[in-house]
Amino acid sequence: MDDLGRMDSPIHRIDARAKIIATAAFVLAVMSFPRYEVSALMPLFAYPFALIAVGNLPAGYLLKKVAVAAPFALFVGIFNPLLDRQPMGMIGPVAISGGWFSFASIMVRFTLTVSAALALVACTGIHRLCAGLKMLGLPSPFVVQLLFLYRYFFVIGDEGLRMLRAAEMRSTGARTLAFQTYGTLIGHLLVRSMDRAQRIYRSMVSRGFDGEVRLLRREAPGWRDVAFACGWIAFFAFARSWDLAEFVGRWLSRGPS
Amino acid sequence: MSDPMIDITDVCFTYPDGTEALRGVSFRIGHGESVAIVGANGAGKSTLLQHLNGYLAPTRGDVRIGGQAFTRERIAEIRRSVGVVFQDPDDQLFMPTVFDDVAFGPLNLGVPPEEAERRAVASLDRVGMAHLRERPPHKLSAGEKRAVAIATVLALSPDVLVMDEPSSNLDPRGRRRLIELLATFEHTKIIASHDLELVVELCPRVIVLDGGLIVADGPTERLLSDEPLMLAHGLERPHILRHRHPH
Ligand SMILES: Nc1ncnc2c1ncn2[C@@H]1O[C@H](COP(=O)(O)OP(=O)(O)OP(=O)(O)O)[C@@H](O)[C@H]1O
Ligand SMILES: [Mg+2]
């Protein structure tokens, strides 16, 4: 993820603030659609798709990350078909209930927002993202949280992996570790993480940390950045007010005849 | 200024779990001196170093830096003037990029952004790591992390440089480079190390610690060539000194 943030592309060069605003507008637009809407959401895929394509991001890798979070959305939506049995439409002879539509709508919205958020991080880099959020007026504690959540996610993950490897190397023969071993490992990881957090905090304080993180990024936004944000917001507003998918569908079906 | 840079009197420290790590340590270090602290594992070196910028407060005894005791008002100032490089650089590097990490200290001091940037670049240059400025610190090699950790401390322009095992994890070239780098610093230096050859090259004075007590304090060549003393405290006579004083 860090490596993606350091790449260079026209999208990477856009000011972080412009991308944050456009993405926030995107999320708002996605959320504002009526609950049974599915097809009208489709044109919005243009946004994450554009970020990924122009930003030269590995689509497969990002999709995998989206898939990791998918069970969560699945869980939120899965009861809708059971609860809402009002028939809403037909596919051939089969009546489709409203529940299925809202379920599909939740999954589509989820894929849209998560892929856009991931693409945003990947084409901006967490440090520029945080600097951007701060310049947009997000209170400092949130920025600090985000920054450190991201930074130490890896450190603690690494530490956990190292411990796991050490334990596996010494449990000769056994194919899987005993259940209790996992318990001990996790407990130990927690203690280690807390110790490390303490040491890091001391080291921050010794360099004058006072609750405020000052990041050195102060490029002024250019016309390109403004155009990026405004262009996308206009597109979202447009996609929200007219059902583009239906429009295109009608146009296509009329075209050849 | 007649005050010694560092003045430690009868410092005792017991960890919360009851481990007595320091049991009455006293010494003075003058301005510009380079002093090594050596001793076996668990002798109390790291514990002692953590007293020098107020991470740990002595259970008994007194620590003074530049004649100042650690009071609530002075602690920030003392912490700026004593730069500590930890044994584990992962504890020290916490920002998303190397550059942000090095600029973190100066920016917190209220240095204007251009000046902070200049200082960060200069410190990275000094340790030869300017090419890593946009990399995330957790993806560097151990030696690179160490060099960057030193740069974060240099960016604060400290008067005293305290280092815990600076040469651990370094390859021979990295270690050589580190020694040359440290030799160019005019700061007061305190280095805890098991690397006795580094000690011989950098520090004219050494303090030998064992079981939380100072067992010897004097000129490096004399103490480190004293084979019985070295062996009694879990150390050995370094090779370069053997060549200088053949039996
Ligand atoms: N957080 C802690 N809690 C309890 N005891 C500790 C803690 N840290 C260190 N000790 C104990 O204090 C003593 C001195 O430890 P210290 O880390 O200062 O040794 P050291 O000289 O730096 O050793 P090394 O050469 O291995 O780094 C040891 O006996 C150690 O077990
Ligand atoms: Mg130590």
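The structure this text deals with has already been given above.
Residues numbered from 1 in each chain as written. Chains lettered and ligands numbered in written order. Predicted model: local features only at pLDDT ≥ 70, side-chain atom pairs only at ≥ 80, totals over all residues. Heavy atoms only, no water.

1. Side note on the overall build of chain A
Right, so step 1: Looking only at helices and strands, chain A features 12 helices and two strands.
Right, so step 2: Beginning at the N terminus, the succession of helices and strands in chain A can be written as α-α-α-α-α-α-β-β-α-α-α-α-α-α.
Right, so step 3: The C-alpha radius of gyration computed for chain A amounts to 23 Å, which surpasses the reference 18 Å derived for 257 residues by more than 25%, pointing to a less compact arrangement than a globule.
Right, so step 4: Viewed in the frame of its principal axes, chain A has a C-alpha envelope of about 70 × 55 × 30 Å.
Right, so step 5: Split into buried and exposed, the 257 residues of chain A put 40% on the buried side.
Right, so step 6: Long-range contacts, defined as pairs at least 24 residues apart, comprise 77% of the intrachain contacts of chain A with a sequence gap of at least 6.
Right, so step 7: By element, 69% of the accessible surface of chain A is carried by carbon and sulfur atoms, the whole surface being about 14,900 Å².
Right, so step 8: When the 28 positive and 16 negative side-chain charges of chain A are each reduced to one mean point, those points stand 4 Å apart. (Helix = DSSP H or I, 4+ residues; strand = E, 2+ residues; numbered from the N terminus. Rg over C-alpha atoms; globule rule 2.2 N^0.38 Å. Buried < 20%, exposed > 50% of the residue type's maximum accessible area, 1.4 Å probe, protein only. Contact = heavy atoms within 4.5 Å. Areas by Shrake-Rupley, 256 points an atom, 1.4 Å probe, with all protein chains shown as cover. Lys, Arg positive; Asp, Glu negative; His and termini not counted. Charge placed at Lys NZ, Arg CZ, Asp CG, Glu CD.)

2. Thoughts on the packing of aromatic side chains
Right, so step 1: Scanning the model with the defined rule gives 13 aromatic pairs over all chains in all.
Right, so step 2: Both rings, one in Phe-148 of chain A and one in Phe-94 of chain B, keep their centres 6.1 Å apart while their planes meet at 40°; by these two values the pair is tilted. Taken together, the residues Phe-148 of chain A in helix α9 (residues 140-170) and Phe-94 of chain B in the loop between β6 (82-85) and α3 (98-108) connect one chain to another. Judged on exposure class, the residue Phe-148 of chain A and its partner Phe-94 of chain B are both buried.
Right, so step 3: A ring pair is formed by Phe-13 of chain B and Tyr-15 of chain B, whose centres lie 5.0 Å apart and whose planes are at 90°; its orientation type is edge-to-face.
Right, so step 4: A relative accessible area of 7% places Phe-13 of chain B in the buried class.
Right, so step 5: Owing to a relative accessible area of 29%, Tyr-15 of chain B belongs among the partly exposed residues under this scheme.
Right, so step 6: Put simply, the rings of Phe-26, Tyr-47, Trp-232, Phe-235 and Phe-236 of chain A touch in pairs and so form one group of aromatic residues.
Right, so step 7: Positioned above the aromatic ring of Phe-99 of chain B is the side chain of Arg-133 of chain B, whose terminal nitrogen or guanidinium carbon lies 4.2 Å from the ring centre. (Phe/Tyr/Trp six-rings, centres within 6.5 Å; stacked < 30°, edge-to-face > 60°. Lys NZ or Arg CZ within 6 Å of the ring centre and 35° of its normal.)

3. Some details on the interface of chain A and chain B
Right, so step 1: Across the boundary between the two partners, chain A contributes 30 residues, which contact 35 residues of chain B.
Right, so step 2: Along the contact surface separating chain A from chain B lie four salt bridges.
Right, so step 3: Among the ionic pairs, Arg-196 of chain A bridges to Asp-88 of chain B, the shortest N-O distance being 3.3 Å.
Right, so step 4: Applying the counting criterion to the chain A and chain B interface returns nine residue pairs in polar contact (both at pLDDT 80 or more).
Right, so step 5: For the side of chain A that touches chain B, the secondary structure elements donating two or more residues are α1 (2-5), α8 (126-135), α9 and α10 (179-206) of chain A. (Salt bridge = Lys/Arg side-chain N within 4 Å of Asp/Glu carboxyl O. Polar contact = N/O pair within 3.5 Å; in protein donor to acceptor, adjacent residues only side chain to side chain.)

4. Here's the deal with the pairing of strand β3 (residues 34-38) of chain B
Put simply, side chains in a regular strand alternate between the two faces of the sheet.
Residues and elements named next belong to chain B.
Right, so step 1: By the criterion of burial, β3 is predominantly enclosed, with five of the five residues buried.
Right, so step 2: Burial of the side chains of β3 extends over both faces: Ser-34, Ala-36 and Val-38 are buried on one face and Val-35 and Ile-37 on the other.
Right, so step 3: Where β3 and strand β8 (residues 188-192) come together, four bridges link them in parallel fashion. Within β8, the position partnered with Ile-37 by the bridge is Ala-192.
Right, so step 4: Both β3 and strand β9 (residues 205-210) contribute to a ladder of four bridges, which runs parallel. From the neighbouring strand, Val-38 faces β9, where its bridge partner is Val-208. (Pairing = 2+ DSSP bridges.)

5. Concerning the site of ligand 1
All names here are of chain B.
Right, so step 1: Surrounding ligand 1, one finds 15 residues, the nearest of these being Gly-42, Lys-45, Ser-46, Thr-47 and His-194.
Right, so step 2: Between ligand 1 and Thr-19 there is a distance of 3.5 Å, counted from a nitrogen atom to a side-chain nitrogen or oxygen.
Right, so step 3: One of the side-chain N or O atoms of Lys-45 is found 2.6 Å from an oxygen atom in ligand 1.
Right, so step 4: Protein burial of ligand 1: of its 640 Å² of free accessible surface, 65% is covered by the chains.
Right, so step 5: A majority-of-atoms criterion places ligand 1 in the largest pocket.
Right, so step 6: The element that contributes the greatest number of residues to the shell around ligand 1 is helix α1 (residues 45-49), accounting for three residues. (Near = heavy atom within 4 Å. 1 Å grid on protein atoms, 1.4 Å probe; cavity = no way out; pocket = protein on both sides within 12 Å on 5 of 7 lines; lining within 4 Å. Sits in = over half its atoms within 2 Å of the grid points.)

6. Focus: the coordination of the magnesium ion (ligand 2)
All names here are of chain B.
Right, so step 1: The coordination sphere of the magnesium ion (ligand 2), as far as protein atoms go, consists of Ser-46 (OG) and Gln-87 (OE1), spread over 1.9 to 2.6 Å. Of this pair, Ser-46 sits in helix α1 while Gln-87 sits in the loop between β6 and α3, and the two are 41 residues apart along the sequence.
Right, so step 2: Residue Ser-46 is classed as partly exposed on the basis of its relative accessible area of 21%.
Right, so step 3: Using a relative accessible area of 40% as the deciding quantity, one classes Gln-87 as partly exposed. (Donors = N, O, S within 2.8 Å, 3.2 Å for Na, K, Ca; no water.)

7. What to know about the sheet that holds strand β1 (residues 6-14) of chain B
Residue and element names in this part refer to chain B.
Right, so step 1: The four strands are arranged β2-β1-β4-β5 in an open sheet whose pairing can be described as antiparallel. Of all the strands in the sheet, the pair left with one neighbour each is β2 (20-29) and β5 (68-69).
Right, so step 2: Examined bridge by bridge, β1 and β2 share seven bridges and lie antiparallel to one another. Looking at the pairing, Ile-8 lines up with Phe-27 of β2.

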